[in-house]
Each structure stands twice: as structure tokens, then as C-alpha cells.
Amino acid sequence: MSAPVAASPTGLADRDELDLGLPPSYLADGHGVGSWLLTTDHKRIAILYAVTITLFFFLGGAAATLVRLELFTPEADIVRADTYNKLFTLHGVVMVWFFLIPSIPNTLGNFLLPLMIGARDVAFPKLNLVSWYLNVGGGLLAVAALLAGGVDTGWTFYVPYSTVFSNGWVSLTVLGVFTTGFSSIATGVNFIATIHMLRAPGLSWFRLPLFVWAMYTTSLMFVLATPVLAVTLLLVFAERSFGLPIFDPARGGDPVLFQHLFWFYSHPAVYIMILPAMGVISELITCFARRRIFGYTFMVYALVAIAVIGFFTWGHHMFTSGMSSYAALVFSFLSFIVAVPSAIKVFNWTGTLYRGQVGFESPMLYALGFVGLFTLGGLTGLFLASIPVDVHVQDTYFVVAHFHYIMVGASVSAYFGGLHFWWPKITGRMYPETWARFAAILMFFGFNLTFFPQFIAGYLGMPRRYHVYPPEFQVWNVLSSSGAAVLAVAYLMPLGYLTWSLLFGERARNNPWDASGLEWRTSSPPPRDNFFGAPRVQGGPYSYHPEGVAPIHDQPRIPAQGSLT
Amino acid sequence: MSGAPGEAGAAAHLREPWSELETGPAAAFARQRDGATFGIWIFLASEVLFFAALFLIYTAYRIANPEAFAAAGRATNIVYGTLNTAILLTSSLTMAMAAQGAEKGLFRRLTLGCLAATAALGLAFLVVKGFEYREDIEKHLVPGAHFALRQAPAQIFFGFYWLVTVVHAIHLGIGIGLVTRLLVKGWRDPDVLTENPQVEVTALYWHLVDLVWVFLYPMLYLPGRAG
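Computed from a predicted model, the values in this text were never measured in an experiment.

Novice: How should I be thinking about the interface of chain B and chain A in this particular structure?
Specialist: You'll often see interface size given as the accessible area lost when the parts meet. Counting residues at the interface gives 36 residues for chain B, matched by 40 residues for chain A. Counting the surface lost from both chain B and chain A, the interface buries some 3200 Å², and carbon and sulfur atoms represent 77% of this. The largest contributions to the chain B side of the interface with chain A come from Pro17(B), Phe50(B) and Tyr61(B), which together make up 17% of the buried area. Counting across the interface, chain B meets chain A through 0 salt bridges. Every element with two or more residues in the side of chain B that touches chain A is listed here: α2 (25-64) and α6 (153-188) of chain B. Broken down by class, the residue content of the side of chain B that touches chain A amounts to 24 nonpolar, 6 polar and 6 charged.

Here is the structure:
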């Protein structure tokens with residue numbers, strides 16, 4: 001390789017990497033805008049996604065910042081009611097569809113899935129690129145509408161407000177989300193076909209890393225849930241733009257039917273956000289506890305069970321919408337049931353830590369933060385699955401806090417954890433570990449300071465979606481807004497030091513964490529063809545100690561090879 | 001599904017990443033064919049959910065408003081609807097023949113002829129649909145202030161009618177484009193269709209669009225007409 005040798009001796013690349021005649025890394029294999037925008041390399045497409053979702057993340061974050069600023073005092077200070085509605089809609093639409101849904105599957109998933117199964121690329125590389133263009137196209141449409149005219153419906157586009165009364169640019173926004181839905185479907189089709197058809201010899205289904213299982217179950221939900229959202233949004237678009245009355249109550253239409261269809265997608269969408277996160281966490285915890293995953297098959301079945309049951313719990317969003325009380329009971333019961341496989345996962349992660357040689361590198365800090373935040377978010381989900389409590393806290397900040405614990409606390413922590421863990425593989429550089437640990441801890445505290453007070457404010461009765469509130473709630477809102485400032489710093493820090501590491505970071509070894517996954521059995525960053533030769537798999541995942549044997553208690557922990565600048 | 005592909009088809013159609021598999025080109029190409037077919041089946045599952053949501057909406061409203069839906073169903077033009085059903089079912093026959101011919105690599109003229117007939121029948125469907133739309137507009141069957149029928153929920157029926165037939169027509173238009181693409185490629189190069197997975201993929205998509213119409217025909221044209 002022609003890359004310059006790093007200054008410090010510990011930063012040297014692996015010995016065999018210095019051999020001449022190795023193919024160039026995927027980053028060096030072609031320069032110029034065209035080599036990126038027309039690439040069919042899954043690794044480069046992952047980078048394209050990473051760039052666009054980062055932009056969307058900070059756009060959605062800016063809207064949230066304004067919302068939290070406004071809520072610092074009970075009175076209206078900086079925005080009017082209408083602007084406030086547009087801000088939280090912008091925040092919701094951008095964060096859900098253009099950051100969270102594609103975050104882990106399309107960046108880490110795209111990059112790692114073929115590497116983890118020993119394939120050269122995904123099954124349909126061109127479709128993969130098309131999927132990115134659909135995502136960006138839809139995102140630009142929606143963002144243009146949200147910024148130019150604004151939409152005040154909230155991210156749920158509830159009818160008849162969105163179809164009959166709202167004056168915002170609903171049609172264009174809906175069209176943008178509709179377009180990006182096809183990006184999800186294309187990704188889902190691609191991943192399912194890849195996992196079925198392109199596994200390396202010897203890689204049977206129950207030898208797959210849990211991250212691959214998570215991608216598989218997520219893809220099933222992409223394929224089966226997204227089309228229902230597409231139809232629902234198409235109907236909103238048709239009713240608004242062409243006057244085709246499907247949900248108009250004046251002509252016999254049923255707005256509750258809209259809610260059923262909307263949540264048939266949007267509840268599984270929560271699992272689209274959390275299942276990939278669970279996959280990431282399983283990789284992280286095993287590696288940094290030097291431990292086989294506790295109960296591998298149970299972890300697999302738990303992922304599948306969450307994906308299946310997740311399709312049948314949507315009605316718990318509608319307990320107060322005038323649904324039949326029998327239907328509400330069934331949905332309540334199923335919502336309790338879906339907590340069982342989720343709890344299995346939490347217990348098994350904990351079981352994996354037991355007698356492990358636990359290290360506290362930054363990805364592990366994110367992972368441990370995930371387990372805590374996910375547990376809290378999951379347990380408050382049980383409050384909401386229970387109908388009497390749900391009726392009490394319906395449309396309060398309790399609900400806001402609950403879903404932020406899952407979607408932001410858990411999913412975003414896992415995304416950052418995975419990003420740090422695989423950063424050496426993706427970029428070939430080490431990031432500054434001390435900064436990363438500081439950011440991980442700050443993110444955990446900032447998050448809890450932002451959202452825990454909202455549980456209390458919500459339980460005391462503070463309603464969501466208002467820009468003014470009674471003064472007795474101010475203490476909770478001041479805490480929350482202060483936490484948001486901490487959280488903003490914690491989110492901006494990785495943007496700084498990860499970018500810095502691209503230029504000045506130490507060169508990464510092939511396997512800086514001594515992880516067991518197949519994705520580490522190639523150079524950092526990998527060549528265009530992923531592996532030098534064709535991989536064969538000879539055993540199960542997570543071979544951190546001999547199978548069927550507890551790890552030796554005083555086994556010295558293999559130190560991480562990351563730099564500690 | 002794939003039969004036993006020969007070296008010729010494998011050499012012509014084998015692509016990344018399938019070309020990198022640790023097997024001979026023939027076996028790798030068989031995997032690629034299976035992968036293409038598998039992929040389109042997954043996509044069709046997605047399409048089924050797309051149309052299933054529409055059918056669910058229709059069912060819910062029809063159960064709630066039986067009289068209005070019967071009256072609205074009687075207002076549709078059953079002659080055009082039946083003619084179009086016959087056209088589309090025939091197109092599925094020609095599509096299936098083209099797919100079989102291409103897979104076996106036999107009867108090149110017949111294969112091309114069947115592809116041309118499929119595209120032509122698809123176009124004929126759209127033309128008939130165009131005449132039907134013109135008549136619907138003249139009879140004030142577009143929901144709005146000047147709607148012809150008295151019952152309010154009949155507007156929902158016609159809202160559904162317009163949306164679902166336009167969505168179906170868009171699907172059919174994509175299908176015609178895909179079939180025409182195969183036809184042009186097969187015309188230029190005699191070997192290109194032989195064992196090409198794209199033929200089966202196109203055929204499966206075409207049959208789904210046909211199948212959706214098989215559901216739509218009784219839903220849109222038959223209510224209120226029995227007895």
C-alpha cells in the first residue's frame with residue numbers, strides 16, 4: 001500500500017498489510033464525485049447514507065433545539081403557536097423517516113452485512129444505489145416543503161386535519177415520505193435476498209451474527225409494513241390534491257380507519273428502529289465482555305418474535321380514539337406480550353456480562369448506556385400498554401419521554417456505539433478514545449436530564465404539542481431544556497473528533513478490538529472486493545472463549561489496541 | 001425454477017456479486033437466477049400488502065354503506081370493465097408463453113411475438129380505460145360538488161375507484177415499459193433473452209398486476225348488479 005507509515009510505532013499497520021501487491025482499499029479505489037455518486041459498492045453507498053442522514057440528524061436536531069428553547073419558560077418567547085407546530089412537525093418527520101429509519105440499517109447495515117456473511121456485495125448492487133437516490137430525493141422534497149411552507153400536522157398527518165383543514169404544504173411532504181418509503185422497501189428486498197443467497201460456505205443460519213439476524217428481521221418489516229404507509233399517505237395526497245374523499249367524515253369517511261392504517265406501519269417502524277440497535281448491542285457487549293452471547297438461539301427467536309408480534313400491537317396508539325373496548329383489550333394484551341422477548345434480550349445481555357472481562361472502551365459505554373435507557377423506555381412502555389394508565393397520560397409528556405427513551409436514548413446510543421466500534425474498519429483510522437468516552441458518558445447524562453423530567457411533567461398532566469404551559473411545570477421544563485443543551489454538546493462532539501480522526505487519527509489495525517466477527521478478517525479499510533480470497537466459516541459467532549466452557553476467571557483481558565491520544 | 005443453465009447463458013448474464021461465488025460459472029449463474037426470482041417474490045409480497053391495504057379500506061366502507069356501494073357499482077360501465085378483464089387475462093397468457101419460450105431458449109420468433117402481444121394488450125387495456133374515464137367524467141362520477149349520485153358514501157366508492165384504477169394503470173404502464181425493453185433487447189440480439197432472469201422477473205410482475213385486476217373487477221363493477 002502506498003499509504004504513508006504512521007508516525008508512532010504502535011500505529012503501524014499490520015505486517016502483512018505492508019506487503020506490496022494488495023488491492024487498494026475501497027476508499028482509494030477510484031476518486032472524484034462520479035466514483036461516489038455512481039458507485040455500486042455497498043461500502044461507499046453506506047458512506048453516502050451516513051453523510052445524508054448526518055445532515056438530516058442535525059436539521060431535525062436544530063428544530064428540537066428551538067422547541068426546547070421555547071419551552072424554557074411557560075410563556076411564548078421566541079415563536080408563535082403556528083411556528084411551534086411547524087417546528088415539532090419538522091423535527092418529527094425528519095428524525096423518523098430521514099434519520100432513524102435509515103440510520104443503522106442503511107449505514108452500518110449496508111457496510112457490514114456483506115462483510116459479516118462473507119459476500120462480495122449485496123445481492124442487487126444497482127438497486128442499492130437506487131435506494132439511496134430515492135431516500136435523498138424523498139428527503140429533499142419533504143425538507144423543501146417543511147422549510148419553505150411548513151407543515152403543522154405533526155409527523156402523524158392525522159386526518160381530517162391534514163386533508164381538510166391544514167394550510168401547510170402537506171401534499172409535498174407526504175409525497176417526500178412516500179418516495180423514501182420505496183427506498184426502505186428496496187433495501188429490505190436487497191438485504192433479505194443477500195442473506196438468503198450469498199452467505200459464505202459454512203455460514204448456516206444459526207451461525208449468523210445477531211446483527212445479521214437483526215438486519216433480516218428489520219428487512220422483513222421494511223418489506224411488509226412500508227407499503228401500507230405508502231398507501232395511507234397516497235390517500236392523504238389524493239384527498240388533498242384531487243379531492244378524492246376516502247377519509248372525509250362529511251361524506252361517510254372514517255378517520256379512525258386512517259389511524260389503523262397509519263399505525264399498522266408506524267408501530268412496526270418503532271421496531272425497525274430498535275431491532276438493528278439490538279443487533280449492534282449484541283456485537284458490542286460480546287466483544288467488550290470477551291464472552292459468548294448468553295442464549296444465542298433465544299436471542300434469535302426473540303428478534304423474530306418481536307418482529308412478528310410487533311405487527312399486531314398497533315392499536316395501543318388508539319385506546320382513546322373510539323376503538324371497541326374488546327379490541328383495546330386484545331391490543332393491550334399483545335403489547336404486554338411483546339415486552340417478553342424484549343426482556344429476554346435485556347436479561348441475556350446481562351447474562352453475557354456475568355463473569356466476562358468487561359472493558360469500558362467507548363463503544364461499550366454506549367452499549368451499557370443503551371441497556372439502561374432501553375430498559376427504562378421499555379418498562380414505561382408497559383405503563384402505556386395498560387389501558388387505564390394510558391388514558392390518564394394520553395397525549396402528555398409521559399408518552400413523549402417514553403418513545404424518546406426507545407427511539408433516541410436506545411437507538412441513537414446504539415448507532416453511536418456501532419459507529420465508534422466499526423469506525424476503524426470503515427475509515428481505517430482510530431478516533432481519540434478519551435474524547436469518545438467523555439462524549440458517551442455526557443450523552444447518557446444529557447439524555448436522562450432531558451427526558452426523565454418529562455416523565456414527571458407528563459404524569460402530572462402536562463400535555464404535549466403546546467408552546468405555552470401552566471407555570472407549575474416550569475421546573476421540569478427548565479431541567480429538560482438544560483439537558484437538551486448538554487445533549488447537543490454530546491452529539492456535536494463526535495462530529496468534531498471523528499472528523500478530526502479522518503485526517504489525523506492513528507491508522508487502525510485490521511482488528512483493533514480483537515473481535516471475533518468475519519468483518520474484521522480483512523484489512524482496515526477493506527478492499528473493493530471485501531476479502532483477500534473467499535472466506536469459509538468453520539464455527540459459530542462470538543468465539544471469545546471455548547464453546548461450552550465458562551471463561552477463565554483470571555484470564556487477562558486482551559487490551560484494546562485503540563489509541564489513547 | 002432455474003432448470004439447468006448452460007455455459008452460454010452463464011457467460012452472457014452472470015454479474016457481480018454472483019460472479020465471485022466459489023463455484024463454476026454455471027452454478028453461480030443458477031444462484032443468480034434464483035436470487036433474481038427470489039428478490040422479485042419479496043417485492044411482490046410488498047406489493048400485496050400495498051393493495052391489501054386498499055382492499056381493506058374498500059371492505060370496511062362497503063360493510064358500513066352497502067346501499068351506497070351498490071348504487072355506485074351500478075353506475076360503473078360493466079362493458080368496458082369486462083372487456084378489460086378479458087384483455088388483461090389474455091396478456092398474462094402471452095406473457096407466460098414468452099417466459100417459457102425464453103427460459104427454454106426455443107422458438108425465438110414466438111417469444112418475441114408473445115412479448116409484443118403482451119405489450120400491445122397492455123396498451124389496449126389503457127386505451128379502453130381511457131374511453132371509460134371519459135365516459136365517467138361526462139356522467140359526473142368524479143367526487144365533488146357536481147357528483148351524480150345522491151348518497152354521500154357513493155363519493156367514497158368513486159374516490160376509491162379513481163385512486164385504485166390510476167394506481168393500477170401506473171403499475172401496468174411500468175409493466176408495458178419492462179416488456180417493451182425485453183422486446184427491444186431480444187430484437188437486437190437473438191441470444192439475450194435465452195435463460196435471462198429478467199424475463200421471469202418481468203413475467204412475475206406482470207402476473208401480479210393482472211391478479212390485482214382480478215380482485216378489482218368484482219369490487220368495482222359487480223356490486224349492486226346481482227339480482
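Moving on, there is more to tell.
Novice: Before we go on, may I ask you to explain the UniProt feature "domain: Heme-copper oxidase subunit III family profile" (unreviewed entry) in chain B in this structure?
Specialist: Using the residue numbers shown here, the UniProt feature "domain: Heme-copper oxidase subunit III family profile" (unreviewed entry) corresponds to residues 33-225 of chain B. Across residues 33-225 of chain B, helical content stands at 83% and strand content at 0%; the span's end C-alpha atoms are separated by 46 Å.

Novice: I tried to follow the layout of surface pockets on my own but got confused; where do I start?
Specialist: Gaps left between atoms show up when a probe the size of a water molecule is rolled over them. Considered as a void within the structure, the second largest pocket measures approximately 1700 Å³ in volume. Surrounding the second largest pocket, 48 residues form its lining, Leu127(A), Ile40(B), Phe43(B), Leu178(B) and Val201(B) being those nearest its centre. Sorting the residues of the lining of the second largest pocket by element identifies α4 (125-148), α6 (170-197) and α7 (210-242) of chain A together with α1 (7-13), α2, α6 and α7 (197-221) of chain B as the ones contributing at least two each. For the lining of the second largest pocket, the element with the most residues is α6(B), which contributes 10 residues. In terms of residue class, the lining of the second largest pocket is built from 34 nonpolar, 8 polar and 6 charged.

Novice: Any chance you could explain the packing of aromatic side chains here in plain terms?
Specialist: Between two aromatic rings, the relevant description is the distance of the centres plus the angle of the planes. A full pass over the atoms with the stated rule returns 64 aromatic pairs over all chains. Their ring planes at 35 degrees and their centres at 4.7 Å tell us that Phe447(A) and Phe451(A) sit as a pair that is tilted. Taken as a pair, Phe447(A) and Phe451(A) lie in helix α15 (residues 433-459) at a separation of 4 residues, close to a single helical turn. A single burial state applies to Phe447(A) and to Phe451(A), both of which are buried. Through a chain of ring-to-ring contacts, the aromatic side chains of Tyr58(B), Phe69(B), Tyr133(B), Phe147(B), Phe157(B), Phe158(B), Phe160(B), Tyr161(B) and Trp162(B) assemble into a single cluster. In this structure, Arg44(A) is placed above the aromatic ring of Trp36(A), and the distance from its NZ or CZ to the ring centre is 4.2 Å.

Novice: What's the story with the UniProt feature "domain: Cytochrome oxidase subunit I profile" (unreviewed entry) in chain A in this structure? I'm lost.
Specialist: Using the residue numbers shown here, the UniProt feature "domain: Cytochrome oxidase subunit I profile" (unreviewed entry) corresponds to residues 36-538 of chain A. Structurally, residues 36-538 of chain A comprises 70% helix and 0% strand, and the distance from its first C-alpha atom to its last is 35 Å.

Novice: Explain the UniProt feature "transmembrane region" (unreviewed entry) in chain B here, please?
Specialist: All names here are of chain B. Mapped onto this structure's residue numbering, the UniProt feature "transmembrane region" (unreviewed entry) falls at residues 38-58, 78-98, 110-131, 160-184 and 204-222. Along residues 38-58 one finds 100% helix and 0% strand; the C-alpha atoms at either end are 30 Å apart. Between the end C-alpha atoms of residues 160-184 there is a gap of 36 Å, over a span that is 100% helix and 0% strand.

About the criteria used
Residues numbered from 1 in each chain as written. Chains lettered and ligands numbered in written order. Predicted model: local features only at pLDDT ≥ 70, side-chain atom pairs only at ≥ 80, totals over all residues. Heavy atoms only, no water. Contact = heavy atoms within 4.5 Å. Buried area = accessible area lost by both parts, 1.4 Å probe. Salt bridge = Lys/Arg side-chain N within 4 Å of Asp/Glu carboxyl O. Helix = DSSP H or I, 4+ residues; strand = E, 2+ residues; numbered from the N terminus. Nonpolar A, V, L, I, M, F, W, Y, C, P; charged D, E, K, R; others polar. UniProt positions renumbered as here; feature names shortened; annotations may be inferred. 1 Å grid on protein atoms, 1.4 Å probe; cavity = no way out; pocket = protein on both sides within 12 Å on 5 of 7 lines; lining within 4 Å. Points joined across faces, edges and corners; volume = space filled by probe spheres on them. Phe/Tyr/Trp six-rings, centres within 6.5 Å; stacked < 30°, edge-to-face > 60°. Buried < 20%, exposed > 50% of the residue type's maximum accessible area, 1.4 Å probe, protein only. Lys NZ or Arg CZ within 6 Å of the ring centre and 35° of its normal.

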